[in-house]
Amino acid sequence: MAVRDDLQWLIADLDSILSQSSTLFDGLQPSDRESIAATLERVRQYLASQQDRAASSRASATAAQQIAQAVLSRLDRRLSDWFELLQSEVEQLRQQRQLLIAQIQQQQQQHQQSVTEELEVLAQRCNEAVQQKLSQIQSALEQQSLDSQPSQLEQFERLQEQSNRLLLSLDSSFRSVFATLEKDLQGYYDSLCQGLERMHSLGQQGEAKFLAYVRRLTQQIEGSSTQSLQSKEAELAAVMRDLSEVNTVIYPPLPEEETEEIQTIAALTDLIEPNWQEEATKSHQEWYLAVDFGTEGLAAVLFNRHQEQIYPLAWISQEGEFCSRLPTEVYCQSSNETQKLYCFVGEAAKAKAKEKTGIFLENWKENLNLTSSPANPVREALKSLFSMLIPSEAGAVNGAIVEAMGLPEESFRQVLKHLEGAILSCPTGWGKPYRQLLRETVLEIELVQSAEQVFFLEEAIATLLAHVSLNCVAQTTVLVINAGAIATELVLADIPEDYRALSDRDFRLESFAYGGSAIDQDILVQLLYPQWTSQLNPSIPRLDEEPPQPGEPDLQKRENLRWRLQSHPIGQSFLEAAKLTKMILQQQEAFNARLGNCQWGVKRQDFSEKVVLPYLKRLESAIDSLSIQMGKSAGAIEQVICSGGSMQAVWHVLSPWISEKLPNAIVIQNAGATTEPLVSANWRQMHDLSFLDRTQTAIGLACLPLFPLILERQ
């Protein structure tokens, strides 16, 4: 305001001087007077322009302030809507949980009442029948009482005594049966309540994570044209990160269960007799190491052939977190001074990847099948991953220590130095380049001494061997369906009377390249992306090329889609949203969310019809092919073993589908529970055998030495 007033005063003074120029400059020459007057006029014009510019600047500042205020108002409304949506969904979940608990209690009461009534009716009928029979016998005896002999009277007394004992026995049996049923019902109710609590917690976690990803996706796709709006969106992102941290407190995380599992295992380990080290050193030639190298994780177990016992490997972090499957993420970073390549594995890799100065590798297993000479970072990553099987400095660098559950540390080290063999999983149809690369890696880290000690086994056959060995299955026809991240493998087998005589002629293999990764792509292409297209910013590239067919391998199209998503600005966010959608639909029938100003949602029914059913058609074709090769009908299959990390996503449709297609088969999902001597006695004390489920394929690999006819073909 002071600057404006000064300019006005100066302009007024100049006007006054210019108006009196004819008298003020009388003593000067005419040319000088004109020069001075022109100069003063230019000064006046300049001051006038500065005055106009100051006024324009004030108007611009006012307009910018109004825009900023409008943006803040919009963000406040958006944030308020998200809070209301989150609160309403939490309240709906709480009401659903209360309703489920009430229904369970009502069903339990009805079941208990019906059982009690049936037992009372049964007891009454038995009493009536016995009394009627006794009355008939007594009447017959009374009619013949005059002619009866003393021996007949004694026989009648014995019969009456036996009847009384029978009644007492029936009464005792009924009481025992009723007490057992009541105990079973109570156990069923407690177990179901625990399952509902866990399902509710998982659903809350899944929705919280999904909402966080949708919010991040909203920030990425809503374009902005002004610097002010970008800064406000950055502030919103910071607020949402704070909200995510709050959500983490609201929804209890799973690692607490893993911590309890660690404590249980530690307590069981203390029960091991001290002579294990001596036994281990006496029978080094009987030990095998089985490694299940999966797309997303690595699991391993030690197997003692002499004692026929397994010892799973686990990785314990510095924070005490327990991990039965080591994540296969690897971060490679070279030193500027020595040019040496350093690799970090698992959680350490995710932490180092934030530095963005190296190479982060994930889902890289499939690339190993393409060439026997991959790039140096990939070879080093593979070596670093397998080095985590050995207690060494590699574990210390990555912040995780490997242990063999049930073996002292020194015995574990001694066993690894004298292994009879290493058994590795291998997808069906993967040939020499892949096997040769893994064999060289195992030899390089000195797990075994010669190439002849490295064995390979298909993952589906490993699942079959685990089921047969752990449960002593014999003389039956078994179908195994193993759904992994990149492929689905099947094996149909006739188990002989001596199940350890199982050989190649007793089973047939089939596989197709469709698994969890392809399911994620189909969820994105079929369910999510069509709803998001109208909300995408025009500057964001489209995924408009011809998509792969749902349920089909379509290798070329899927590889093109994967490449486009990797190079897309928010392609990884798309895939993360698809994975979270898959997880949420395992827990509930439908969910809704907001993207920009658009409300959208996904139903489990749509997922089943557009993604799962095409997959089942492809699966049916593979089962029919196996049945023809083995000369078996659908009714001849007596057991179906379903395993693999992708099985849970399609289980709600797959289970009834198998029951309809294979009516005589018993369906078993992730068969890991057993009471046979193959599992260490210490592990049998654990009520939760989910650890064995997560290492099922590795256990099957370890059982390979028990099947000499299959081992010989290696």
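Scope of this entry: the structure provided in the associated data block. Throughout, residues of each chain are indexed from 1 in the direction in which the sequence is written. Per-residue local features of the predicted model are confined to residues with pLDDT of at least 70, and side-chain atom pairs are confined, for both listing and counting, to 80 or more; whole-chain, interface and lining totals are unaffected and use all residues. Side-chain metrics in this entry use all non-hydrogen atoms of the structure; hydrogen atoms and water are not considered.

A few words on the overall build of the protein. Secondary structure follows DSSP: runs of H or I at least 4 residues long count as helices, runs of E at least 2 residues long count as strands, and numbering of each begins at the N terminus. In terms of regular secondary structure, the protein is built from 22 helices and 18 strands. Only protein chains enter the area calculation, which uses a 1.4 Å probe; residues under 20% of their type maximum are buried, those over 50% are exposed, and those in between are partly exposed. Within the span of the protein, comprising 714 residues, buried residues form 43% of the whole. Contact criterion: two residues are considered in contact whenever any of their non-hydrogen atoms come within 4.5 Å of each other. A fraction of 71% describes how many contacts in the protein between residues 6 or more apart in sequence connect residues 24 or more apart. Carbon together with sulfur atoms contributes 50% to the accessible area of the protein, which is approximately 37800 Å² in total. To measure how exposed things are, a 1.4 Å probe is used in the Shrake-Rupley method; for residues, cover is taken only from the protein chains shown.

Attention now moves to the pairing of strand β10 (residues 421–426). The buried fraction of β10 is high, at 6 of 6 residues. Burial along β10 is two-sided: the residues Gly421, Ile423 and Ser425 and Ala422, Leu424 and Cys426 are all buried. Strand direction decides the pairing type here: strand β1 (residues 287–293) and β10, joined by 4 bridges, are parallel. Opposite alanine 290, over in β10, you have isoleucine 423 as the bridge partner. By definition, two strands form a pair when at least two bridges between them are found by DSSP. Alignment of β10 against strand β11 (residues 454–458), held across 5 bridges, turns out to be parallel. Bridge pairing in β11 links alanine 422 to valine 454.

This next bit is on helix α14 (residues 516–532). To estimate the expected span of a helix, count its residues, drop one, and scale the result by 1.5 Å. With 17 residues, α14 ought to run about 24 Å at 1.5 Å a step, and its terminal C-alpha atoms sit 22 Å apart, in line with that. Here the bend at a residue means the angle between the axes of two seven-residue stretches, the one that ends at it and the one that starts at it. At leucine 524, α14 shows its strongest bend, of approximately 35°. Within α14, 12 of the 17 residues are buried, which leaves the element mostly enclosed by the surrounding structure. Taken residue by residue, α14 has Gly516, Ala518, Ile519, Asp520, Gln521, Asp522, Ile523, Leu524, Leu527, Leu528, Tyr529 and Trp532 as its buried positions.

This part takes up the packing of α14 against helix α16 (residues 571–585). Axes are the key here: two packed helices are described by the angle between their axes and the distance separating the axes. Contact geometry for α14 and α16: axes closest at 8 Å, N-to-C directions at 105°. Relative to α16, the element α14 is oriented roughly perpendicular. Along the contact surface, α14 presents Gly516, Ile519, Asp520, Ile523, Leu524, Leu528, Tyr529 and Trp532, while α16 presents Phe574, Ala577, Ala578, Lys579, Thr581 and Lys582. Where helices are involved, their axes are fitted lines through C-alpha atoms of the stretch in contact, as for all axes, and angles between N-to-C directions lie from 0 to 180°. Small angles under 35 degrees read as roughly parallel and large ones over 145 as roughly antiparallel, with 65 to 115 read as roughly perpendicular and the rest as oblique.

Okay, the sheet that holds strand β17 (residues 639–643) next. Taken in spatial order, the 5 strands line up as β14-β13-β12-β17-β18 in an open sheet, and their pairing is mixed. Looking at which strands have only one partner, the edges of the open sheet turn out to be β14 (507–512) and β18 (666–669). Taking each pair of neighbouring strands and ignoring which way they run, the sheet shows an average axis angle of 15°. Bridging between strand β13 (residues 488–495) and β14 involves 6 bridges; their strand directions are antiparallel.

Paired rings are identified among Phe, Tyr and Trp, the last through its six-membered ring, by centres lying within 6.5 Å, and are further divided according to the angle between planes into stacked (under 30 degrees), edge-to-face (over 60) and tilted (the rest). Inspection of every chain in the model, using the stated rule, returns 11 aromatic pairs. With centroids separated by 4.9 Å and ring planes inclined at 90°, the aromatic side chains of tryptophan 430 and tyrosine 434 adopt a geometry described as edge-to-face. Taking relative accessible area as the criterion, tryptophan 430 reaches 14% and is therefore assigned buried. When the centroid spacing of 6.1 Å and the interplanar angle of 75° are considered together, the rings of phenylalanine 591 and tryptophan 600 count as edge-to-face. Taken individually, phenylalanine 591 and tryptophan 600 each receive the classification buried, so the pair is uniform in this respect. A ring has a charge above it when a Lys NZ or an Arg CZ is no more than 6 Å from the ring centre and no more than 35 degrees off the ring normal. Lying over the aromatic face of phenylalanine 293, lysine 365 brings its terminal NZ or CZ to 5.6 Å of the ring centre. Taking NZ or CZ as reference, arginine 618 lies 4.7 Å from the ring centre of phenylalanine 512, over its face.

The salt bridge criterion pairs a side-chain nitrogen of Lys or Arg with a carboxyl oxygen of Asp or Glu, the two atoms within 4 Å. Applying the stated rule across the entire model yields 19 salt bridges. One salt bridge in this structure joins glutamate 308 and arginine 305, with 3.5 Å as the shortest N-O distance. For glutamate 308, a relative accessible area of 23% gives the class partly exposed. Judged by its relative accessible area of 27%, arginine 305 is partly exposed. The salt bridge involving glutamate 459 is made with lysine 365; its shortest N-O contact spans 3.3 Å. Of the two residues, glutamate 459 sits in helix α13 (residues 459–471) while lysine 365 sits in the loop between β8 (359–361) and α9 (376–387), which places them 94 residues apart along the sequence. Given a relative accessible area of 3%, lysine 365 falls into the buried group. Within the structure, one salt-bridge network assembled from shared partners comprises Arg305, Glu308 and Arg500.

Along the chain, alanine 649 turns up in helix α18 (residues 647–661). Assessed through its relative accessible area of 6%, alanine 649 is described here as buried. Between the C-alpha atoms of alanine 649 and leucine 585, which are 64 residues apart in sequence, the distance is 7.9 Å. Aside from chain neighbours lying at most four places away, what touches alanine 649 is Lys582, Gln586 and Phe607.

Before going further, it helps to spend a moment on the environment of tyrosine 342. Note on placement: tyrosine 342 falls in strand β7 (residues 341–345). With relative accessibility at 39%, the residue tyrosine 342 sits in the partly exposed group. For the pair tyrosine 342 and cysteine 332, spaced 10 residues apart in the sequence, the C-alpha separation amounts to 5.6 Å. Setting aside chain neighbours within four positions, we find tyrosine 342 in contact with Tyr331, Cys332, Gln333 and Ser335.

It is worth spelling out the nonpolar core at this point. Put simply, buried Ala, Val, Leu, Ile, Met, Phe, Trp, Tyr and Cys residues joined by side-chain atoms within 4.5 Å make one nonpolar core. Leu479, Ile481, Leu490, Leu528, Leu619, Val640 and Leu654 are the most contacted members of the largest nonpolar core, which has 52 residues in total. Tallying contributions element by element places helix α17 (residues 604–630) first for this core, with 10 residues. Sequence-distant contacts of leucine 654, that is, excluding residues within four places in its chain, are made with Leu616, Leu619, Cys642 and Met647. Within the second largest apolar cluster, 49 residues are counted, among which are Leu289, Leu302, Val402 and Leu424.

On to the sheet that holds β7, then. Ordered by their spatial adjacency, 3 strands build an open sheet running β7-β6-β8, and the pairing between neighbours is antiparallel. Because the sheet does not close on itself, it has two edges, and the strands there are β7 and β8. Going across the sheet, the axis of each strand differs from the next one's by a mean of 20°, ignoring polarity. Across 5 bridges, the pairing between strand β6 (residues 330–334) and β7 is antiparallel. Within the sheet, the bridge partner assigned to serine 334 lies in β7 and is leucine 341.

The next thing to look at is the pairing of strand β3 (residues 309–317). If a strand is regular, its side chains alternate between the two faces of the sheet. Counting buried positions over the 9 residues of β3 gives 9, a clear majority of the element. Of the two faces of β3, the one lined by Gln309, Tyr311, Leu313, Trp315 and Ser317 and the one lined by Ile310, Pro312, Ala314 and Ile316 are each fully buried. Taken together, the 4 bridges between strand β2 (residues 297–304) and β3 define a ladder with antiparallel strand orientation. The residue bridging phenylalanine 303 from the neighbouring strand is isoleucine 310, located in β3. Adjacent in sequence and paired antiparallel, β2 and β3 are bridged by 4 residues, among which glutamate 308 carries a positive phi angle near 55°. Both β3 and strand β9 (residues 400–404) contribute to a ladder of 5 bridges, which runs antiparallel. Each bridged residue has a counterpart across the sheet, and for alanine 314 the counterpart in β9 is glutamate 403.

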